[in-house]
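What follows is each chain in one-letter form.
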Amino acid sequence: MMAAMSATGLVATALPLAAINWHSTFFLLFAVLACVCAVAVVAADNVVRMALYLVLSLGATAGLFFLAGAEFVGAMQLMIYVGGTLVLLVFGVMLTAQAPFVSIKTAPGDRALAGIVGASLLAVLLLSAFSVEEWRKPAAGVVGEPTATPIGMALLGVRVDEPPAHAPAGVRSGYLLPFEIVSVHLLVVLVAAAYLARAKRRKTPRAIEVAASVEPPASVAAHAAIGREPAGRSGSVLVGGPR
Amino acid sequence: MISLIGSTPLGGGLFAMGLFTEPVSVAHYLVVGAILFTAGIACMAVKRNALGVLMGIELVLNGANVNFVAFASPYLQAEGSRGLGLDGQVIALFVILLAAAEAAVALAITLNFYNNHATVDVDRADDLKG
Amino acid sequence: MAEFLITTVGLSEWLAWTVTAVIAAVLVLNVIAGGALVFIWAERKIAGRIQDRLGPTRTGGRFGWLQSLADGLKLLAKEDLMPEGADGMLFRLAPYVSFCASFCAFIALPFAFDFIGCRLNVGVFFVVAVLGLEVFGVILAGYASASKWSLFGAMREAAQVVSYEVPLGMCVVVPVMLAGSMDMVTIAEKQAGWFTNWYLFHDPFTFVIFWVYVTCAVASVNRAPFDLAEAESELVAGFHTEYSGLRWSYFFMAEYGSMFLVSAMAAVLFMGGWNGPIPVASLLGLSEGTGDTANYFVRLLGMFNLLGKATLGVLVMMWVRWTLPRLRIDQVMTTCLKYCTPIAAAMFAGAMLWQLFLPGGLVPGLDRPAGEIREGWLEGPGGRGAAAPAASDEKVAQVISSQVNP
């Protein structure tokens, strides 16, 4: 025990360990993870790896939400985004798992251009993020009330949270109408997605069937690698239809 | 562990900047949001895989969400400022829901595209070109 | 515990918190790993008995106690193979993704009133969301193995888990609605007292929905009869066909961890959590405030209650596994979409109406804790947990009226 204590003392003199702000440290951890994985999504070519990086990035962002005291939003993010990405991942595997299609490469020129444009956009965003004095002040660290119940009441149209300082006096709107609109919207989307993706009865065979029977996969792969070559002729063969 | 991090040059630099010791501010979150947003834009612009473009959209929406939550959080606000309050969090929720809806429709379109073209390369979607 | 380390042992604050966190993490890890060892042994014995044979008998005495330890040592010593053409990074990463998701969900699981990693305001939601992450490891493993059996298994798993999240979510929402909170501690507290207070016996609808939950939970952790992802009669070993050694055992531990977790969830949501069928502690006169030792004893008793219920759930899953034949994929989907989802939706509506019109239950005098909202905004400064429901109603009415007539 004494040895441990003295070791602790040594470390403590070497670095201001007691001064460590654990909230900031965890913030740093999650923030670095989110940013690195987001950049890795851009850099990766394999769609399954992209999906993995995306999930890690979204999960780290959920961690940031928890750190900001938005527990309900964080859990929602984990549930919906991660479930949504899961479906993305499955589609990625289904639609691109045949060997020639695993990675559809980007031209290096495009990549460089995107890098330059992205860097300038990032510079503008960072400048504006640091431009407001109030945003740069360190957090006061007021631990707020848990927000799940107020959010639920707000979605039902009743506000129980305290108004922000700049809010005008009087009635503050709840979110009953947006909530209903979003639910109808989700229903419409559900029907539409089911309609779009349903198995249609076709007069002509599907393109992938044509591709499988007529063209050997290698030539399709060659077309994919060249990029835009077969638009006219091969495209009409693939689509079929009454041309 | 922390002492290990602190002894490396990068960790020492971060210490000097006060990232480990100072409380975070809204601007920290804004930086993360900006990086996510930019990565998403780049992803949408660069990827030729339709699924990659979708992932870019998710990243963009996510970056926006980080900003909303940061402005809404009472924990992150400086002394005397209350931020957006609950509104920011509710809008973040709506963004998440609409992102899910958007992903569903986009995936259905991608599936149709794949059925017609036997690929998910968006550069091949030029049937309507005059 | 951190306070104890700071005041009595004299560690500095950050060290005390770190030590506490490490101890808690190691404890949970041991629950998963040690639990897996015991459960694997139990599963082999139960399977043996159900099939009219003995199961392991040699290693470690008459009952083969040490069989799973021996298996573990064998797995440690085995070579971790990776097939040619596999995606190396994803192949190595997949088992850890699975295991971490299973492990992470234990953060929000209350073992007793205070024995909880982190008391989250949205605990139930968090556990369900994190548990859904486990499937990622399975899909990555199936894709990265570069084997068609693995890919088939992974695709089946994805379809199954995505579908079963829907009825599972509906089942989980019912206790949340009855308790008025997503905090697992609060949900369990609301069911204190005799076993008639358990949400399982709250009304007929919750009784039915409990069985829907059991079905969906078994399906969401991939146990037979829903274990299509590793259907050994068709797919060799499904998603972990190409795995061996330690990486394979991570998948195994994740599976047993998730089984334990969904059973513990069932215990907390429907069977009173750490409250036993008979309130032994309060009959003995031990309650909050009797003293530290008594408190600790009550908590310990509660923990054994919860562990017992969860273990019972796991044993039932084993019983089901060795009794029912495996379903086909279309039967799995039919079970989910045509039976579980509509039944769960109808029972959800029924439970809601029951709560609205018969909040006291059919039998008067059972003294059931009424649903109430226990959040700070209703209780004023410093009144956490102290306000009576009547006061809350007043405050709500006041808030509503102030919104309607400004």
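The model shown is predicted, which means the values in this text are computed figures rather than measured ones.

Student: Mind laying out the overall build of chain C, listing which residues take part and the relevant values?
Tutor: Check the secondary structure of chain C and you find 15 helices and zero strands. Within chain C, the proportion of its 406 residues that are buried is 49%. Restricting to contacts in chain C with at least 6 residues of sequence separation, those with at least 24 account for 75%. Accessible surface computed for chain C: about 18,900 Å², of which carbon and sulfur atoms make up 69%.

Student: Could you give me a rundown of the overall build of chain B, with the residues and numbers involved?
Tutor: For chain B, the count of helices and strands is five helices and zero strands. Overall, chain B shows an N-to-C arrangement of helices and strands of α-α-α-α-α. Buried positions account for 61% of the 130 residues belonging to chain B. Summing over all exposed atoms, chain B offers an accessible surface of approximately 4,600 Å²; the carbon and sulfur share of this is 71%.

Student: Could you give an account of the pattern of salt bridges, naming the residues involved and the relevant values?
Tutor: All names here are of chain C. Per the stated rule, a full pass over the model turns up six salt bridges over all chains. Residue Glu255 pairs with Arg223 through a salt bridge whose shortest N-O separation is 3.2 Å. Of this pair, Glu255 sits in helix α10 (residues 245-270) while Arg223 sits in the loop between α9 (204-220) and α10, and the two are 32 residues apart along the sequence. Assessed through its relative accessible area of 11%, Glu255 is described here as buried. Ionic pairing is found between Arg326 and Asp227, a salt bridge with its closest N-O pair at 2.8 Å. Here the residue Arg326 occupies a position in the loop between α12 (292-321) and α13 (329-357), and Asp227 occupies one in the loop between α9 and α10, the gap between them amounting to 99 residues. Judged by its relative accessible area of 24%, Arg326 falls in the partly exposed class. Asp227 gets classed as buried once you look at its relative accessible area, which sits at 5%. Residues joined by salt bridges that share partners form a network here, namely Glu43, Arg223, Glu255 and Arg321.

Student: Before we move on, could you go through the environment of Gly193 of chain C and cite the residues and values that matter?
Tutor: Residues and elements named next belong to chain C. Tracing the sequence through the fold places Gly193 in the loop between α8 (184-189) and α9. Placed 119 residues apart in sequence, Gly193 and Leu312 show a C-alpha to C-alpha distance of 21 Å. Gly193 has contacts with Gly276, Pro277 and Pro279, leaving out every residue within four places of it along the chain.

Student: I'd like to hear about helix α7 (residues 148-179) of chain C, residue by residue, with values.
Tutor: Spanning 32 residues, α7 of chain C covers 46 Å between terminal C-alpha atoms, matching the ideal 46 Å at 1.5 Å per step. Along its length, α7 of chain C reaches its greatest deviation from straightness, about 30°, at Glu165 of chain C, and the proline Pro167 of chain C lies no more than four positions downstream.

Student: Can you tell me about the domain arrangement of chain C, naming the residues and giving the values?
Tutor: Residue and element names in this part refer to chain C. Assigned domains of chain C: these are domain 1 (1-77) and domain 2 (82-358). Between the C-alpha centres of domain 1 and domain 2 there is a distance of 19 Å. Taken together, the contact pairs 17 residues of domain 1 with 21 residues of domain 2. Here domain 1 meets domain 2 over a buried area of about 1,700 Å², counting both sides, of which 84% is carbon and sulfur.

Student: Which residues make up the side chain of Gln160 of chain C, and what values do they have?
Tutor: By the element assignment, Gln160 of chain C lies in helix α7. When neighbours within four sequence positions are excluded, Gln160 of chain C is seen to be in contact with Ala219, Asn222, Phe226, Leu228, Val332 and Met333 of chain C.

Student: Before we move on, can you summarise the packing of aromatic side chains with the specific residues and values?
Tutor: Residues and elements named next belong to chain C. Counting across every chain of the model gives 21 aromatic pairs over all chains. Plain terms: the ring middles of Phe91 and Tyr243 are 4.2 Å apart, the flat faces sit at 10° to each other, and that makes the pair stacked. Residue Phe91 is located in helix α4 (residues 88-104), and its partner Tyr243 is located in the loop between α9 and α10; the two are separated by 152 residues in the primary sequence. Taking relative accessible area as the criterion, Phe91 reaches 0% and is therefore assigned buried. Among the residues examined, Tyr243 registers a relative accessible area of 7% and is labelled buried.

Student: Got a sec to walk through the nonpolar core? Specific residues and values, please.
Tutor: Of all hydrophobic cores here, the largest spans 166 residues; its most connected members are Phe72 of chain A, Tyr29 of chain B together with Tyr213 and Met265 of chain C. Not counting chain neighbours up to four residues away, the residues in contact with Met265 of chain C comprise Val124, Val127, Val128, Val172, Met184 and Tyr213 of chain C.

Student: Report on α9 of chain C, specifying residues and quantitative values.
Tutor: Residue and element names in this part refer to chain C. Taking 1.5 Å per residue, 17 residues should reach 24 Å; α9 reaches 24 Å between its end C-alpha atoms and fits that length. Among all positions in α9, only Thr206, Ile209, Phe210, Val212, Tyr213, Cys216, Ala217, Val218, Ala219 and Ser220 are buried. Phi for Asn222, located one or two positions after α9, is positive at around 65°.

Student: How would you summarise empty space enclosed by the protein if you had to cite specific residues and measurements?
Tutor: Empty space among the atoms can be located by rolling a probe the size of a water molecule over them. All names here are of chain C. Scanning the entire structure with this criterion turns up five cavities of 30 Å³ or more. Reported here for the largest cavity is a volume of approximately 230 Å³. What lines the largest cavity is a set of 21 residues, among which Glu134, Glu157, Ser220, Val221 and Asn222 lie closest to the centre. Of all the secondary structure elements, the ones that give two or more residues to the lining of the largest cavity are α5 (123-131), α6 (134-144), α7 and α10.

Student: So, the packing of α7 of chain C against α10 of chain C: which residues are in play, and what are the values?
Tutor: All names here are of chain C. Closest axis-to-axis distance for the α7/α10 pair is 9 Å, and the angle between their directions is 35°. Contacts between α7 and α10 involve Cys171, Val172 and Pro175 from the first element and Met265, Leu269 and Phe270 from the second. Class assignment for the residues of the contact of α7 with α10 results in six nonpolar, no polar and no charged.

Student: Go over the confidence of the model for chain C, please, and point to the residues and values.
Tutor: All names here are of chain C. On average, residues of chain C score 77 in pLDDT, and 82% of them are at 70 or above. The secondary structure element of chain C with the lowest average pLDDT is helix α14 (residues 376-379), at 41, and the one with the highest is α9, at 89. Note on residues 371-392: pLDDT under 50 across the span, and 32 contacts to partners over four residues away in sequence or across chains.

Student: Go over unusual backbone geometry with me, naming the residues and quoting the values.
Tutor: Residue and element names in this part refer to chain C. For Asp52, which is not glycine, the phi dihedral falls at a positive 65°. Mapped onto the secondary structure, Asp52 falls in the loop between α2 (13-50) and α3 (67-77). What makes Asp52 exposed here is its relative accessible area of 75%.

Student: Can you lay out the side chain of Asn65 of chain B for me, pointing to particular residues and giving the numbers?
Tutor: Inspection of the secondary structure puts Asn65 of chain B in helix α4 (residues 50-72). Judged by relative accessible area, Asn65 of chain B falls into the buried class, the value being 0%. Not counting chain neighbours up to four residues away, the residues in contact with Asn65 of chain B comprise Phe65, Gln77 and Tyr81 of chain A together with Ala92, Val95 and Ile96 of chain B.

Student: Give me the environment of Met271 of chain C: which residues, what numbers.
Tutor: Residue and element names in this part refer to chain C. Within the secondary structure layout, Met271 lies in the loop between α10 and α11 (280-283). According to the relative accessible area criterion, Met271 is buried, its value standing at 16%. As a C-alpha pair, Met271 and Ala188 span 83 residues in sequence and 8.3 Å in three-dimensional space. Those residues in contact with Met271, other than ones at most four positions away along the chain, are Gln191, Trp198, Leu200, Phe210, Ala266 and Lys309.

Student: I'd like a description of the state of the cysteines, backed by residues and values.
Tutor: Covalently bonding the sulfur atom of one cysteine to the sulfur atom of another cysteine gives a disulfide. Residues and elements named next belong to chain C. In total, this model carries zero disulfides over all chains according to the counting rule given. No disulfide involves Cys336; its nearest neighbouring cysteine sulfur is the one of Cys340, lying 6.2 Å away. Overall, Cys336 belongs to the buried group, its relative accessible area being 0%.

Student: Residue-level account of a nonpolar patch on the surface, with values.
Tutor: All names here are of chain C. A surface patch of nonpolar side chains, amounting to about 840 Å² of accessible area, comprises Trp194, Phe195, Phe201, Phe207, Trp211, Ile278, Val280, Phe297 and Leu301. Mapped by element, the contributors of at least two residues to the nonpolar patch are α9 and α12. Tracing the chain through its elements places Phe201 in the loop between α8 and α9. Owing to a relative accessible area of 36%, Phe201 belongs among the partly exposed residues under this scheme.

The rules behind the values
Residues numbered from 1 in each chain as written. Chains lettered and ligands numbered in written order. Predicted model: local features only at pLDDT ≥ 70, side-chain atom pairs only at ≥ 80, totals over all residues. Heavy atoms only, no water. Helix = DSSP H or I, 4+ residues; strand = E, 2+ residues; numbered from the N terminus. Buried < 20%, exposed > 50% of the residue type's maximum accessible area, 1.4 Å probe, protein only. Contact = heavy atoms within 4.5 Å. Areas by Shrake-Rupley, 256 points an atom, 1.4 Å probe, with all protein chains shown as cover. Salt bridge = Lys/Arg side-chain N within 4 Å of Asp/Glu carboxyl O. Expected span 1.5 Å × (residues − 1). Bend = angle between axes of the 7 residues up to and from the residue. Domains from an automatic or database assignment. Buried area = accessible area lost by both parts, 1.4 Å probe. Phe/Tyr/Trp six-rings, centres within 6.5 Å; stacked < 30°, edge-to-face > 60°. Core = buried A, V, L, I, M, F, W, Y, C linked by side-chain atoms within 4.5 Å. 1 Å grid on protein atoms, 1.4 Å probe; cavity = no way out; pocket = protein on both sides within 12 Å on 5 of 7 lines; lining within 4 Å. Points joined across faces, edges and corners; volume = space filled by probe spheres on them. Axes fitted to C-alpha atoms, helices over the stretch in contact; angles between N-to-C directions. Nonpolar A, V, L, I, M, F, W, Y, C, P; charged D, E, K, R; others polar. pLDDT = per-residue confidence, 0-100. Disulfide = S-S within 2.5 Å. Patch = residues over 30% accessible without salt bridge, like charges linked within 9 Å, V, L, I, M, F, W, Y side chains within 5 Å.

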